[in-house]
Protein chains: 2
Amino acid sequence: MKYSYQYPHPSVTVDCVVFTVQNNFLKLMLIQRGAEPFIGEWALPGGFVRIDESIESAASRELKEETGIENIYLEQLYTFGKVDRDPRERVISVAYYALVSSEEQIIAADTDAASAKWFPVDELPRLAFDHKYIIETAYRRLQGKLSYQPIGFELLPPKFALSQLQSLYEIILNKKLDKRNFRKKIQKTGLLADTNETQKGVSHRAAKLYTFNKEKYDILAKNGYYFEI
Amino acid sequence: MKYSYQYPHPSVTVDCVVFTVQNNFLKLMLIQRGAEPFIGEWALPGGFVRIDESIESAASRELKEETGIENIYLEQLYTFGKVDRDPRERVISVAYYALVSSEEQIIAADTDAASAKWFPVDELPRLAFDHKYIIETAYRRLQGKLSYQPIGFELLPPKFALSQLQSLYEIILNKKLDKRNFRKKIQKTGLLADTNETQKGVSHRAAKLYTFNKEKYDILAKNGYYFEI
DNA sequence: ATTGCATAGTGTTTATTTTACACTAAGTTA
DNA sequence: TAACTTAGTGTAAAATAAACACTATGCAAT
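Cut-offs applied
- Residues numbered from 1 in each chain as written.
- Chains lettered and ligands numbered in written order.
- Predicted model: local features only at pLDDT ≥ 70, side-chain atom pairs only at ≥ 80, totals over all residues.
- Heavy atoms only, no water.
- Helix = DSSP H or I, 4+ residues; strand = E, 2+ residues; numbered from the N terminus.
- Buried < 20%, exposed > 50% of the residue type's maximum accessible area, 1.4 Å probe, protein only.
- Contact = heavy atoms within 4.5 Å.
- Areas by Shrake-Rupley, 256 points an atom, 1.4 Å probe, with all protein chains shown as cover.
- Pairing = 2+ DSSP bridges.
- Near = heavy atom within 4 Å.
- Polar contact = N/O pair within 3.5 Å; in protein donor to acceptor, adjacent residues only side chain to side chain.
- Nonpolar A, V, L, I, M, F, W, Y, C, P; charged D, E, K, R; others polar.
- Salt bridge = Lys/Arg side-chain N within 4 Å of Asp/Glu carboxyl O.
- Least-squares fit on C-alpha atoms with pLDDT ≥ 70 in both.
- Buried area = accessible area lost by both parts, 1.4 Å probe.
- Domains from an automatic or database assignment.
- Axes fitted to C-alpha atoms, helices over the stretch in contact; angles between N-to-C directions.
- Parallel < 35°, antiparallel > 145°, perpendicular 65-115°, else oblique.

Caption draft 1: Structural detail: the overall build of chain A. Within chain A, the secondary structure is distributed over 6 helices and 10 strands. Counting only C-alpha atoms, chain A reaches 65 × 40 × 30 Å along its principal axes. Buried positions account for 49% of the 229 residues belonging to chain A. Across chain A, every contact between residues at least 6 apart in sequence was considered, and the portion connecting residues at least 24 apart equals 67%. Surface summary for chain A: the accessible area is close to 11900 Å², and the carbon and sulfur share equals 50%.

Caption draft 2: Spatial organisation of the pairing of strand E6 (residues 73-80) of chain A. Residues and elements named next belong to chain A. The buried fraction of E6 is high, at 6 of 8 residues. Taken together, the 7 bridges between E6 and strand E7 (residues 91-99) define a ladder with antiparallel strand orientation. Bridge pairing in E7 links Tyr-73 to Leu-99.

Caption draft 3: Looking closely at the environment of Lys-176 of chain A. All names here are of chain A. Relative to the elements of secondary structure, Lys-176 occurs in the loop between helix H4 (162-173) and helix H5 (179-189). Relative accessible area serves as the criterion here: at 71%, Lys-176 is assigned to the exposed category. For Lys-176 and Ala-116, which are 60 residues apart along the polypeptide, the C-alpha to C-alpha distance reads 31 Å.

Caption draft 4: Fine view of the protein's contact with DNA strand D. Taken together, 18 residues are adjacent to DNA strand D, and Ser-163, Lys-179, Lys-184 and Lys-208 of chain A together with Arg-205 of chain B come closest. Here, DNA strand D places atoms within 4 Å of the protein, and 40% of those atoms are sugar or phosphate. Measuring from a phosphate oxygen of DNA strand D, one finds a side-chain N or O atom of Arg-183 of chain A at 3.3 Å. Contact between DNA strand D and Lys-208 of chain A: a phosphate oxygen at 2.9 Å from a main-chain N or O atom of the residue. Among the elements of the structure, H5 of chain A together with helix H4 (179-189) of chain B are those that each provide at least two residues to the surface near DNA strand D. Grouping the constituent residues of the surface near DNA strand D by class yields 2 nonpolar, 5 polar and 11 charged.

Caption draft 5: Structural context of the pattern of salt bridges. Residue and element names in this part refer to chain B. Scanning the entire structure with this criterion turns up 29 salt bridges over all chains. Between Glu-136 and Lys-132 there is a salt bridge; the shortest N-O distance is 3.2 Å. Of the two residues, Glu-136 and Lys-132 both sit in helix H2 (residues 131-146), 4 residues apart, roughly one turn of that helix. On the accessibility criterion, Glu-136 (36% relative accessible area) is partly exposed. A relative accessible area of 54% places Lys-132 in the exposed class.

Caption draft 6: Highlighting the relation of the copies chain B and chain A. Of the transformation superimposing chain B on chain A, the axial component is 0.0 Å and the angular component is 180°, with the fit at an RMSD of 0.1 Å. Taken together, the rotation angle and the small translation identify this as a two-fold axis. Relative to the rotation axis, the closest C-alpha in chain B is found at Ser-4 of chain B, a distance of 2.1 Å. Taken together, the interface assignments show that 100% of the residues at the interface of chain B recur at the interface of chain A, consistent with an identical surface on both copies.

Caption draft 7: A look at unusual backbone geometry. Cis rather than trans, the peptide bond between Glu-36 of chain A and Pro-37 of chain A has omega equal to -10°. Here Pro-37 of chain A is to be found in the loop between strand E3 (25-32) and strand E4 (42-43). Here Asn-174 of chain A, not a glycine, exhibits a phi torsion of approximately 60°, which is positive. Among the residues examined, Asn-174 of chain A registers a relative accessible area of 62% and is labelled exposed. Positive phi outside glycine occurs at Asn-23 of chain B, with the angle close to 50°. Tracing the backbone through its elements, the reader meets Asn-23 of chain B in the loop between strand E2 (11-22) and strand E3 (25-32). On the accessibility criterion, Asn-23 of chain B (65% relative accessible area) is exposed.

Caption draft 8: Region of the structure containing the environment of Val-17 of chain B. Residues and elements named next belong to chain B. Inspection of the secondary structure assignment puts Val-17 in strand E2. Once the C-alpha coordinates of Val-17 and Ile-72 are considered, the two residues, 55 residues apart in sequence, prove to be 12 Å apart. If we ignore the near neighbours within four places in the chain, the residues touching Val-17 are Leu-28, Leu-44, Tyr-96, Tyr-97, Ala-98, Ile-134, Ile-135 and Ala-138.

Caption draft 9: Broad picture of the interface of chain B and chain A. Listed as interface residues are 29 residues of chain B and, on the opposing side, 30 residues of chain A. Both faces combined, the contact of chain B with chain A buries some 2800 Å², and carbon together with sulfur accounts for 59% of it. Summed over the shared surface of chain B and chain A, the result is 0 salt bridges. Applying the counting rule to chain B against chain A returns 18 residue pairs in polar contact (both at pLDDT 80 or more). Contributing elements (two or more residues each) for the side of chain B that touches chain A: strand E1 (3-5), E2, strand E6 (73-80) and strand E7 (91-99) of chain B. With 4 residues, the single largest contributor to the side of chain B that touches chain A is E6 of chain B.

Caption draft 10: Layout of the domain arrangement of chain A. Residues and elements named next belong to chain A. Parsing chain A into structural domains produces domain 1 (11-125) and domain 2 (162-223). Across the domain 1 to domain 2 interface the summed buried area is about 300 Å²; carbon plus sulfur atoms make up 81%. The largest share of the area that domain 1 buries against domain 2 comes from Val-21, Asn-24 and Leu-26, three residues that together contribute 97% of it. Where domain 1 packs against domain 2, one counts 0 salt bridges. Connecting domain 1 to domain 2 are 0 residue pairs in polar contact (both at pLDDT 80 or more).

Caption draft 11: Layout of the packing of H4 of chain A against H5 of chain A. All names here are of chain A. Where H4 meets H5, the closest approach of the two axes is 11 Å, and the angle between their N-to-C directions is 105°. In terms of axis orientation, H4 runs roughly perpendicular to H5. From H4, Leu-162, Ser-163, Leu-165, Gln-166 and Tyr-169 reach across to H5, where they touch Lys-179, Phe-182, Arg-183, Ile-186 and Gln-187. For the contact of H4 with H5, a count of residues per class yields 5 nonpolar, 3 polar and 2 charged.

As structure tokens, then:
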């Protein structure tokens, strides 16, 4: 007990809600707790913010330590601070959400497979702490954000077909979209760059592959541009 | 030094960015610091989160203590956690933003007038900590949110004229709007309820006064409705 | 009482955006 | 070569947004 203060201090943690799309399902990463409280139950990857690291660094670090995922789009979601959200002591948690592409998922396998797992968002197990509530908040935010910021690209491999992108939108927004209208709208943004490649190994007509023109988006975003689907 | 921990704990504070519209200016409330660090400099109202109160309660409490403002729309903005943002020790700050109507401003006068003051957003003094950055974040959020959520009503007295509402939008979004189109759009939402009153004490034709139908908005919002200007 | 002044209040036309909708093209497999 | 699967494409109708200017009302000054 080396650290003393005149007034009680809360602990500050981070929790990460990491989404991906796999086999036409929106999934998120959970880990099985190896310590009390809630030992054995599923929870969001996360942990304590160290005294000498920023909150965001803590989120990246914990995510990497617990799931092997790194170098991803990570955005602050909300800070949860109900007095009794942790049974041990006062804990304030800054939640982040993140998107990883189905390709990067494979990297995640280098962690202990027993303790980190992808769950479809509507087949979640019982969750520790208030993590169910945090996930609901993140899911709502993801749906909202998807419609006006091109974060959907983060969930796809660098080169993707338009049908993959559409399918991703349909999965997250949970509704069918019109193929022609979707394509028109996406093309009109000018954010897609044509690679001159096509899909490989598919048993039907191969689709053209595109990449997301992030440089162009950054320029547009700076001048108050809003992407809208 | 009665509170000891095995690991160092950060302090957690709240900071409030309180906006109002006064004389056709968007203003925000600052207080003059009476203690180190940054003594004498201007800063956002705020303070430490107590161990037995939620973050949001802390924000409300601090705001009331330091400015006299209470019972207002208060929304979490962002959590700022750079390691060196406070020269004394590690402090993580959860920022909130709030809107008060020009009527409620008068209540704020019951605080020490020397230490709490409204500043136009583009005539801010030098600010303590990273509060300039927090304010920029809040201002951007306010502009964004105003366009798709009817928070503008919070900045007006309960009964208001359409021209007041339009003026408020023009001030915050910093651009002129077309009177007829604005009125059409606002009316079409069905969120305005006609009081059968008119302005008093104006030296020209008196405008009809409206109230904001919050019940109706809440119902619409629940079903995924988005207000848009 | 009349005039001037300031703000309130009101519709229509045009341009733009969104929606609805169905067939042909290309590649793979049996 | 026929059958299957997904890729890729355009147009018309409807809805929404944008541009635009005058009359109405109430008060104040003379």
